[in-house]
Amino acid sequence: MTSGSTGQTEADRGDQSGIRTALAGLTTRGRSFLAAGVAAAVCAYVLGQSDLLRVGLLLAVLPLVCAAVLYRTRYRVAGSRRLSPARVPASSEARVHLRMDNVSRLPTGLLMLQDRVPYVLGPRPRFVLDRVEPGGRREVSYRVRSDLRGRYPLGPLQLRLSDPFGMCELTRSFSTYDTLTVIPRVEPLPPVRFSGEAKGYGDGRQRSLALAGEDDVIPRGYRYGDDLRRVHWRSTARYGELMVRREEQPQRSRCTVLLDTRGLAFQGAGPDSAFEWAVSGTASVLVHMLERGFSVRLLTDTGSSVPGEGADGFAGANQESADAAGLMMDTLAVIDHSDGTGLSRAYDVLRGGNEGLLVGFFGDLDEEQAAVAAKMRQRSGGAVAFVLDSGAWVREPTDVPGALDRSEERLRMLREAGWTALSVPRGASLNDLWRQADRARTDAAAAGGVRGEGGAA
């Protein structure tokens, strides 16, 4: 009994709320018709004019009927949104497709669509649609563009309905949101060869099993279908069962891309700032290395990496490389300055093992942090550093006496530790610097400063 009474009460409240909503949607015309109808009915009652009463009832009922029909119709219009693409580079356009379906048995009146978008993506789009027949569909689209990377919510979609007589207007807001991810710009890089232990998966594959002789082979038990030519007879005689040589397993080379995000290491803001260039360069190297078949890892000065990343990073040159690139791009889309003051956390992570090729994007380095960065070279097969003097990106280098000398001193410290270190001037092309790094490595090797086998990058 109690539950039934409660349900009836909630239903009555819902009906009262619906009635208030429908009446609140009456336009000036609708309210005028309603007022005129009530006035005509009162006059007809006082004067005893039945014809005037019928006219008054018609004037009063018409806006009420329009409001009731429109109130029921607004919940029978379905809206959806589709992004193409959902992940777009900075300064590129994406298209948002809106679709409205009339799932009722009655045609709609005039419809006005309005989608809510952040101001950085452009003005708020508005569309006016004619009546939609029962079961009909209408599709519209608009473009969005942002020079700033990030994740931007789109929605909710608002729909304003109007009856054919203009008596009532009601607004409905859909609850669904979509997210547009603006990722850093990626610059295609040429294939070059850096020295060190890191080799691409396709060039000079490293072997996980060193087969220096028969005694170095680690055999395993014979399995049905194994080639009899791989039978290891010495182990077979030792263990009393058929043993075969293990197949050589290629070990994928690794590359770690280190991004310096310290807020004190970068000056300026906006799409043309030094920090945005470093983020874009990091994205370009990550995608390039994945395409070359490296196992790639993204590391920041805080010691953090991409969520979901394995111990050896993301593997490239397979069907999962696109998903891996998407995860790293999503991380770089929202990466921001850190509150850290040093690179010691990143050094602790790199000190744990051989990282293969190490590519670093550094901001301003003082003498202490340059020394920490120099020690990172000890655990990598090859190391390339792009050092940005962020002050030169917001002012002329000659404005601060000795700034150029300090920058060259930091580069010298990195080069003496084995880094291929380059200074990044304002507006530089990463493609050109990538080639310049290869030439610098080649010149150093010819001079006897670097020795080792080359690896494709």
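Residues numbered from 1 in each chain as written. Predicted model: local features only at pLDDT ≥ 70, side-chain atom pairs only at ≥ 80, totals over all residues. Heavy atoms only, no water.

- Going by an unreviewed UniProt entry, the protein chain carries the name DUF58 domain-containing protein and comes from Streptomyces ferrugineus.

**Points about the overall build of the protein chain**
Reasoning step 1: What the protein chain contains, in helices and strands, is 11 helices and 22 strands.
Reasoning step 2: Partitioning the contacts of the protein chain with sequence separation of at least 6, the portion at a separation of at least 24 is 74%.
Reasoning step 3: Within the structure as shown, the protein chain displays about 24200 Å² of accessible surface, and the carbon and sulfur contribution to it stands at 51%. (Helix = DSSP H or I, 4+ residues; strand = E, 2+ residues; numbered from the N terminus. Contact = heavy atoms within 4.5 Å. Areas by Shrake-Rupley, 256 points an atom, 1.4 Å probe, with all protein chains shown as cover.)

**Things to note about the side chain of Thr181**
Reasoning step 1: Relative to the helices and strands, Thr181 resides in strand S10 (residues 178-183).
Reasoning step 2: On the basis of relative accessible area, Thr181 is assigned to the buried category, the value being 6%.
Reasoning step 3: Here the side chain of Thr181 touches Arg151 through a polar contact of 3.3 Å, side chain to side chain.
Reasoning step 4: Excluding its chain neighbours within four sequence positions, the residues that come into contact with Thr181 are Ala86, Arg87, Val88, Gly150, Arg151, Asp330 and Ala333. (Buried < 20%, exposed > 50% of the residue type's maximum accessible area, 1.4 Å probe, protein only. Polar contact = N/O pair within 3.5 Å; in protein donor to acceptor, adjacent residues only side chain to side chain.)

**Re the pattern of salt bridges**
Reasoning step 1: Taken as a whole, this structure holds 15 salt bridges when the rule is applied.
Reasoning step 2: Here Arg351 ties to Asp348 by a salt bridge, and the two come within 3.2 Å at their closest N and O atoms.
Reasoning step 3: By relative accessible area, which is 48% here, Arg351 ends up partly exposed.
Reasoning step 4: Owing to a relative accessible area of 42%, Asp348 belongs among the partly exposed residues under this scheme.
Reasoning step 5: In this structure, a network of salt bridges that share partners links the residues Arg81, Asp115 and Asp178. (Salt bridge = Lys/Arg side-chain N within 4 Å of Asp/Glu carboxyl O.)

**Concerning a nonpolar patch on the surface**
Reasoning step 1: On the surface, a nonpolar cluster with roughly 730 Å² of combined accessible area is contributed by Val38, Val42, Tyr45, Val46, Leu47, Leu52 and Val55.
Reasoning step 2: The greatest single-element share of the nonpolar patch, amounting to 5 residues, is contributed by helix H2 (residues 28-47).
Reasoning step 3: In this fold, Val46 is placed in helix H2. (Patch = residues over 30% accessible without salt bridge, like charges linked within 9 Å, V, L, I, M, F, W, Y side chains within 5 Å.)

**With respect to the sheet that holds strand S1 (residues 77-84)**
Reasoning step 1: Read from one edge to the other, the open sheet built from 3 strands follows the order S1-S3-S6, with strand pairing classed as antiparallel. Edge strands, defined here as strands with exactly one partner in the open sheet, are S1 and strand S6 (137-145). Sheet twist, expressed as the mean angle between neighbouring strand axes with direction ignored, is 20°.
Reasoning step 2: Bridge analysis of strand S3 (residues 93-102) against S6 gives 9 bridges, and the strand direction is antiparallel. Within S6, the residue paired with Glu93 across the bridge is Arg145. (Pairing = 2+ DSSP bridges. Axes fitted to C-alpha atoms, helices over the stretch in contact; angles between N-to-C directions.)

**Topic: the packing of aromatic side chains**
Reasoning step 1: By the definition in use, this model includes 7 aromatic pairs.
Reasoning step 2: An aromatic cluster is present here, built from Trp277, Phe361, Phe386, Trp393 and Trp434 joined pairwise through their rings.
Reasoning step 3: Here Lys375 stacks its cationic end above the ring of Tyr347, 4.9 Å away from the centre of that ring. (Phe/Tyr/Trp six-rings, centres within 6.5 Å; stacked < 30°, edge-to-face > 60°. Lys NZ or Arg CZ within 6 Å of the ring centre and 35° of its normal.)

**Regarding the packing of H2 against helix H3 (residues 50-73)**
Reasoning step 1: Two elements in contact, H2 and H3, have axes separated by 7 Å at closest approach and are oriented at 155°. It follows from the interaxial angle that H2 and H3 lie roughly antiparallel. For the element pair H2 and H3, the recorded crossing hand is left-handed. Across the interface between the two elements, Gly30, Phe33, Leu34, Ala36, Gly37, Val38, Ala40, Ala41, Cys43 and Ala44 from H2 touch Leu52, Leu53, Gly56, Leu59, Ala60, Leu62, Pro63 and Leu64 from H3.
Reasoning step 2: Grouping the amino acids of the contact of H2 with H3 by side-chain chemistry returns 15 nonpolar, 3 polar and no charged. (Parallel < 35°, antiparallel > 145°, perpendicular 65-115°, else oblique. Left-handed = near helix turned anticlockwise from the far one by under 90°. Nonpolar A, V, L, I, M, F, W, Y, C, P; charged D, E, K, R; others polar.)

**Some remarks on the environment of Asp339**
Reasoning step 1: By the element assignment, Asp339 lies in the loop between helix H6 (321-334) and helix H7 (344-350).
Reasoning step 2: Residue classification places Asp339 among the exposed residues on the basis of a relative accessible area of 79%.

**Digging into the UniProt feature "transmembrane region" (unreviewed entry) in the protein chain**
Reasoning step 1: Look at the UniProt record and you will see "transmembrane region" (unreviewed entry) annotated at residues 30-47 and 53-71.
Reasoning step 2: Structurally, residues 30-47 is divided into 100% helix and 0% strand, and its ends, taken at the C-alpha atoms, are 26 Å apart.
Reasoning step 3: Along residues 53-71, the helical share is 100% and the strand share 0%, with 27 Å between the first and last C-alpha atoms. (UniProt positions renumbered as here; feature names shortened; annotations may be inferred.)

**Examining the state of the cysteines**
Reasoning step 1: Considering all chains together, one arrives at 0 disulfides under this definition.
Reasoning step 2: Cys168 supplies the cysteine sulfur nearest to Cys66, a cysteine that is in no disulfide, at a spacing of 7.9 Å.
Reasoning step 3: Take Cys66: its relative accessible area is 9%, and that puts it in the buried class. (Disulfide = S-S within 2.5 Å.)

**Some details on the environment of Val384**
Reasoning step 1: Tracing the backbone through its elements, the reader meets Val384 in strand S20 (residues 382-388).
Reasoning step 2: Accessibility expressed as a relative area gives 1% for Val384, which makes it buried.
Reasoning step 3: Residues Val384 and Ala437, spaced 53 residues apart in sequence, show a C-alpha to C-alpha distance of 7.3 Å.

**Observations concerning helix H8 (residues 367-376)**
Reasoning step 1: Taken together, the buried positions of H8 are Gln369, Ala370, Val372, Ala373, Ala374 and Met376.
Reasoning step 2: N-capping of H8 is provided by Asp366, with a side-chain oxygen placed 3.3 Å from the backbone N of Glu368.

**With respect to H2**
Reasoning step 1: With 20 residues, H2 should cover 28 Å at 1.5 Å per step; its first-to-last C-alpha distance of 28 Å lies within 8% of that length.
Reasoning step 2: Within the sequence span of H2, burial applies to Gly30, Gly37, Ala40 and Ala44. Buried positions in H2, seen along its axis, are confined to an arc of 90° and lie on one side of it. Among the exposed residues of H2, those pointing more than 90 degrees away from its buried face are Thr28 and Val46.
Reasoning step 3: Looking at the buried side of H2, the elements it contacts are H3.
Reasoning step 4: At the exit of H2 stands Gly48, carrying a positive phi of roughly 75°. (Expected span 1.5 Å × (residues − 1). Arc of directions from axis to C-beta.)

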